[in-house]
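Descriptive analysis of the structure
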Amino acid sequence: MVLGFCLALATAGSGAAPTFIPGPTVTLAWTHSIEKVRWEEDYIVEWSGGPKGQPVLKALSARVRGSAAGMEPPEDAVLRNGWYEYQPTTWSPQGLRLTRSIYTADYEWCTNGHCEPLARWLPSDGDITLLTPCKTPSEAHPR
């Protein structure tokens with residue numbers, strides 16, 4: 001089994017198979033639609049509960065390039081090289097709900113220092129995309 005991330009459109013119904021992206025870590029990045037400030041969050045997918053456990057999503061770190069009205073970094077954030085860096089205190093082991101709109105730039109999926117729009121793996125329907133931790137047999141051929 002290979003650990004990775006699954007992407008699915010929330011409105012696609014139960015019949016649509018999720019898109020599998022292999023790899024245990026990712027940086028999810030975006031630019032705030034009004035303040036034009038870049039945010040980045042690092043995630044890892046790990047096994048939980050031993051060999052029969054399930055994959056879980058954990059937030060490793062986060063950073064924001066400055067601050068603005070209504071989006072101040074947490075009190076424990078440290079300013080380094082123009083980025084407020086901090087450890088997220090809330091996260092969901094079941095996954096994330098990403099709001100994607102035709103009116104804003106898409107999320108960026110970053111691995112090994114290379115970023116691409118999330119649409120490379122799953123086009124947006126202008127609504128919610130679900131990002132969940134998942135596993136697939138090693139024989140599977142991800143997109």
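Let us look at the structure shown here.

So, how was this worked out
- Residues numbered from 1 in each chain as written.
- Predicted model: local features only at pLDDT ≥ 70, side-chain atom pairs only at ≥ 80, totals over all residues.
- Heavy atoms only, no water.
- Core = buried A, V, L, I, M, F, W, Y, C linked by side-chain atoms within 4.5 Å.
- Buried < 20%, exposed > 50% of the residue type's maximum accessible area, 1.4 Å probe, protein only.
- Helix = DSSP H or I, 4+ residues; strand = E, 2+ residues; numbered from the N terminus.
- Disulfide = S-S within 2.5 Å.
- Pairing = 2+ DSSP bridges.
- Axes fitted to C-alpha atoms, helices over the stretch in contact; angles between N-to-C directions.

This brings us to the nonpolar core. Considering soluble globular proteins, one finds that nonpolar side chains tend to be buried as a cluster. Formed by 28 residues in total, the largest nonpolar core has its most connected members in F5, L7, Y43, W109 and L131. Of all elements in the fold, only β1 (2-9), β3 (25-31), β4 (38-48), β5 (54-64) and β8 (96-99) reach the threshold of two or more residues within this core.

A few words on the state of the cysteines. For the structure on display, the rule yields two disulfides. With its sulfur 2.1 Å from that of its partner, C6 forms a disulfide with C134. One disulfide, between C6 and C134, carries an S-S torsion of 95° and so falls in the right-handed class. You can see C6 sitting in strand β1 and its partner C134 sitting in strand β11 (residues 128-136), a full 128 residues away along the chain. By relative accessible area, which is 9% here, C134 ends up buried. Between C110 and C115 runs a disulfide, and the two sulfur atoms are separated by 2.1 Å. Across the disulfide from C110 to C115, rotation about the S-S bond amounts to roughly 110°, and the bridge is consequently right-handed. Each disulfide in the chain links cysteines that, numbered along the sequence, combine into the pattern 1-4, 2-3.

What follows covers the sheet that holds β1. Strand order in the open sheet made by the four strands is β2-β1-β11-β8, with antiparallel pairing throughout. A strand with exactly one partner marks an edge of an open sheet, and here the two such strands are β2 (19-22) and β8. Direction aside, the axes of adjacent strands within the sheet are offset by 30° on average. Alignment of β1 against β11, held across eight bridges, turns out to be antiparallel. From the neighbouring strand, F5 faces β11, where its bridge partner is P133.

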